[in-house]
Amino acid sequence: MKVRTRFAPSPTGHVHIGNMRAAIYNWLFARHQGGSFLLRVEDTDRERSTPEAIETLLNAMEWLGLDVDEEPLYQSHRMEAHLAVAETLIEKGLAYRAEKGGPGSGECVLFRMPSHAISFQDAIKGTLTKAAENMEDFVIVRSNGTPVFHLANVLDDIEQGITHVIRGDDHIENTYRHIALYEALGESVPVFGHLPMIVNAQGKPYSKRDGDAFVGDFQVNGFLGDALFNYLALLGWSPGDDREIMTRAEMVEAFELERCQSSAAQVDLKKLSWMNYEYILQLSDRDFRGASEAALKQAEIVFSESQLDAVIPLIRERVKTLAEIAPLSRFLFMDDYEYNEKAVKKKLIKEGVPETLATLRQLLVEIEPFEAAPLERLLHDYVEQSGKGFGAVMPPLRVCISGEQGGPDLCPVLEVLGREEVIRRLDRAVAKFFDS
Ligand code: GLU
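Residues numbered from 1 in each chain as written. Predicted model: local features only at pLDDT ≥ 70, side-chain atom pairs only at ≥ 80, totals over all residues. Heavy atoms only, no water.

Q: Any chance you could explain the packing of helix H15 (residues 372-386) against helix H17 (residues 410-417) here in plain terms?
A: Two numbers describe a pair of packed helices, the interaxial angle and the distance between the axes. Following both chains from N to C, one finds H15 and H17 inclined at 125°, their axes separated by 8 Å at the closest point. The orientation of H15 with respect to H17, classified from their angle, is oblique. By crossing handedness, the relation of H15 to H17 is classed as right-handed. Where H15 abuts H17, its residues Ala 372, Leu 375, Glu 376 and Leu 379 lie against Leu 410, Cys 411, Pro 412, Leu 414 and Glu 415. (Axes fitted to C-alpha atoms, helices over the stretch in contact; angles between N-to-C directions. Helix = DSSP H or I, 4+ residues; strand = E, 2+ residues; numbered from the N terminus. Parallel < 35°, antiparallel > 145°, perpendicular 65-115°, else oblique. Left-handed = near helix turned anticlockwise from the far one by under 90°. Contact = heavy atoms within 4.5 Å.)

Q: Honestly, the nonpolar core in this entry has me stumped. Any pointers?
A: Within soluble globular proteins, side chains that are nonpolar generally end up buried alongside one another. Met 20 and Leu 66 are the most contacted members of the largest nonpolar core, which totals 106 residues. With ten residues, the single largest contributor to this core is helix H1 (residues 17-33). Not counting residues up to four positions away in its chain, the partners in contact with Met 20 are Phe 7, Val 15, Ala 60, Met 61, Leu 64, Leu 66, Val 215 and Leu 232. (Core = buried A, V, L, I, M, F, W, Y, C linked by side-chain atoms within 4.5 Å. Buried < 20%, exposed > 50% of the residue type's maximum accessible area, 1.4 Å probe, protein only.)

Q: What's the story with the layout of surface pockets in this structure? I'm lost.
A: Which parts of space are left empty comes out when a probe the size of a water molecule is rolled across the atoms. Its volume calculated, the largest pocket comes out at about 780 Å³. Lining the largest pocket we find 35 residues, and of these His 16, Gly 18, Asn 19, Asp 170 and His 171 sit closest to its centre. Secondary-structure elements contributing two or more residues to the lining of the largest pocket are strand S1 (4-7), H1, helix H2 (51-63), helix H4 (149-159) and strand S9 (164-168). Ranked by residues supplied to the lining of the largest pocket, first place goes to H1 with five residues. (1 Å grid on protein atoms, 1.4 Å probe; cavity = no way out; pocket = protein on both sides within 12 Å on 5 of 7 lines; lining within 4 Å. Points joined across faces, edges and corners; volume = space filled by probe spheres on them.)

Q: What is the right way to look at the site of the ligand in this model?
A: Around the ligand, the surrounding shell consists of Arg 6, Ala 8, Pro 9, Ser 10, Glu 42, Phe 149, Asn 153, Arg 167 and His 171. Arg 6 is positioned with one of its side-chain polar atoms (N or O) 2.6 Å from an oxygen atom of the ligand. Within the side chain of His 171, a nitrogen or oxygen atom sits 2.8 Å from an oxygen atom of the ligand. Taken by itself the ligand offers 290 Å² of open surface, and the protein chains cover 83% of this. (Near = heavy atom within 4 Å. Polar contact = N/O pair within 3.5 Å; in protein donor to acceptor, adjacent residues only side chain to side chain. Areas by Shrake-Rupley, 256 points an atom, 1.4 Å probe, with all protein chains shown as cover.)

Q: What exactly am I supposed to notice about the environment of Met 1 here?
A: Residue placement: Met 1 occurs in the segment before S1. Judged by its relative accessible area of 80%, Met 1 is exposed. As for Met 1 and Thr 163, which are separated by 162 residues in sequence, their C-alpha atoms are 8.4 Å apart. Residues in contact with Met 1, not counting those within four places in the same chain, are Thr 163 and His 164.

Q: Just checking my understanding: could you explain the sheet that holds strand S8 (residues 138-141) for this structure?
A: Within a beta sheet, neighbouring strands are joined by backbone hydrogen bonds and run either parallel or antiparallel to one another. The sheet built from three strands is open, its strands ordered S4-S5-S8 with antiparallel pairing. In the strand order of this sheet, the two ends are held by strand S4 (95-98) and S8, each with one partner. Ignoring strand direction, the axes of neighbouring strands in this sheet form an average angle of 45°. Against the sheet, helix H3 (residues 79-91) makes contact with S4, strand S5 (108-111) and S8, and its axis sits at roughly 100° relative to S4, the strand it touches most. (Pairing = 2+ DSSP bridges.)

Q: How do you make sense of helix H16 (residues 394-402) when you look at a structure like this?
A: The periodicity of an α-helix, 3.6 residues per turn, causes residues three or four places apart in sequence to face the same way. Here H16 lies mainly inside the structure; nine of its nine residues are buried. Residues of H16 that are buried: Met 394, Pro 395, Pro 396, Leu 397, Arg 398, Val 399, Cys 400, Ile 401 and Ser 402. Tucked into the core, H16 has its buried residues touching helix H12 (325-333), helix H13 (341-348), helix H14 (353-366), H15, H17 and helix H18 (419-433). Trailing H16 by a residue or two, Gly 403 shows a phi angle of about 85°, which is positive.

Q: Can you walk me through helix H11 (residues 305-315) in this structure?
A: Inspection of H11 places Leu 308, Val 311, Ile 312, Leu 314 and Ile 315 among the buried residues, and these make up the whole buried set. Buried residues along H11 cover an arc of 160° about the axis, so they all sit on one side. In H11, the exposed positions that point more than 90 degrees away from the buried face belong to Ser 306 and Pro 313. Of the surrounding elements, those touching the buried residues of H11 are helix H10 (285-298), H12 and H17. (Arc of directions from axis to C-beta.)

Q: Before we go on, may I ask you to explain the packing of aromatic side chains in this structure?
A: Overall, the coordinates contain ten aromatic pairs when judged by the stated rule. Judged by centre distance (5.4 Å) and plane angle (50°), the ring pair of Phe 111 and Phe 138 falls under tilted. You can see Phe 111 sitting in strand S5 and its partner Phe 138 sitting in strand S8, a full 27 residues away along the chain. Taken individually, Phe 111 and Phe 138 each receive the classification buried, so the pair is uniform in this respect. Each ring, one from Tyr 339 and one from Phe 433, has its centre 5.1 Å from the other, and the planes form 85°; the classification is edge-to-face. Here the residue Tyr 339 occupies a position in the loop between H12 and H13, and Phe 433 occupies one in helix H18, the gap between them amounting to 94 residues. Put simply, the rings of Tyr 25, Trp 237 and Phe 255 touch in pairs and so form one group of aromatic residues. Over the aromatic face of Trp 27 sits the side chain of Arg 248, whose NZ or CZ is 5.6 Å from the ring centroid. (Phe/Tyr/Trp six-rings, centres within 6.5 Å; stacked < 30°, edge-to-face > 60°. Lys NZ or Arg CZ within 6 Å of the ring centre and 35° of its normal.)

Q: Would you mind going over the pattern of salt bridges with me for this structure?
A: Side chains that differ in sign of charge can pair as their charged atoms come close. Under the criterion given, the structure shown has 28 salt bridges. Taking the shortest distance from any N to any O, the salt bridge between Arg 6 and Asp 157 comes out at 2.8 Å. One end of the pair, Arg 6, is in strand S1; the other, Asp 157, is in helix H4, and 151 residues separate them in sequence. The exposure classification of Arg 6 matches that of Asp 157, with both residues buried. The closest approach of N and O atoms between Arg 40 and Glu 42, which form a salt bridge, is 3.0 Å. Overlapping salt bridges bring together Arg 6, Arg 40, Glu 42, Arg 78, Asp 156, Asp 157 and Glu 159 as one network. (Salt bridge = Lys/Arg side-chain N within 4 Å of Asp/Glu carboxyl O.)

Q: Honestly, the sheet that holds S1 in this entry has me stumped. Any pointers?
A: Ordered in space as S1-S2-S3, the three strands form an open sheet in which the pairing is parallel. Looking at which strands have only one partner, the edges of the open sheet turn out to be S1 and strand S3 (73-74). Each of S1, strand S2 (36-41) and S3 touches H2; the most contacted strand, S2, lies at about 160° to it.

Structural data, given as C-alpha cells:
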C-alpha cells in the first residue's frame, strides 16, 4: 500500500504552529515512507476562508518547504458530492432527517451511530475505545443544507485516497464518528495518529498570549523556515537519540510515528532561538548576504556593495534572527542613530571622559594605517599608559560612534567606518554632550 497523507487546514488568515506541526509530521511520514503528501483546503467557512487566508496558508507551507505531490483539493468544490452521499445514507437507513432543534427549526440529516463500541489502534496513543452508550447520532447536513465537517472530512479523505490521518488529539472524539462513517460507507478505515497538543509553561494550549504562535510571526521576526521546521519536528517527536539540529534528509530518514510522544509538548521559545542561531551560522555566505541585503532594504538603509562586504563579517556571528541584522548594523551605514539614553548616562557623562576623548581624537587622527589591528594596539597602549582601564576608554568611544554601549567588536567597527567618519562622529558627540 502506498502511503498517502494530507494536511487539511481550515484557512483563517493565521496558521498556528500546532497545525503546522501536524502538517510537518504528515510530510515527514509521507517522505519517509516514499508516499505522497497532499493538501486539502477545508474552506467551507466562506467568511473566514478568504483568498488572502488561503494565500497566507500557501505561503507558510512554501516557507517551511512543505511541498505537495498533487493539486490541492478545495473542500468547498465538493459540496454536491457530499450531499449526494448523505442522500444515499438516508436511502440505506444509515441516516435520517429530523428537526433537531425542535419543531420549526428545519430538518437536518443525522447519521445513525451503530450500537456497538468503536475502537481503533492509534499510531501514537495506542488502543482507544468509546462505548456505544456514550455515542449519539450526529448531524451530517445542517438544516440550511450545508454538509457538516464530519461528513466532508471523511468523504474527502476517501476521495484523496488518504491512508494515514495524522492530526491533533482534539479530534479524537471526532474520530469515533468518522470511523462509524467509514464503516457505514463500506470504506477501509485509514490509520489514525493523534498528536498531543502544544502547550505553554502552565500546560495550557499554547496561544498568542504566550508569545508568537502563528507561522507568519516567526517569518516576520527573522526566523529561518528550516529552523522552525526543525524545532517543530522535535516538538513531540524524537529520532531516538539526542540529535537536535538535523537536516531535512536526516529527519525524513529517522521519522516514525511510533516515536511521537503521547503527552503534551511544551513550547520553549528560548530553544527555538538557539536553534535559529545555529541555522543562521550554517547559512552559506551567499545566503547570509542575500538575507542581509533584504533586511537592510526593508529598513530603508542605504548601502553600497563594498560597505556590505565590510560589514558582514562584523555581524555574521552576532545575530540570532534575521530581524536583528538591520538594527545591529544600521550605524555602520548611516549616521542617523539615536544616542541610547542609558548608555550616555552610564558610559559617557562621566568625569574624565572629555579629556579621554580629546586624547583619543588626537591619537586617531595620527595613527597609520587606520586598521583594526593597529587600532587595537593603540587603544591597548593608551589604556595601559593612562592607567584608566578599558571601561573608561572603549565604552565612551563606542557610544560616540554608534549611540550604543554594545555591538560588534570596536576596532573592526572603527576600521569599517574609516578615520574621517570616526572623527566626525566623535566631534559631533562631544559637541552635543560636552560643549555648552
Ligand atoms: N480542518 C480540520 C482542522 O483544521 C481538519 C482536521 C483533520 O482532519 O486533519 O482541524
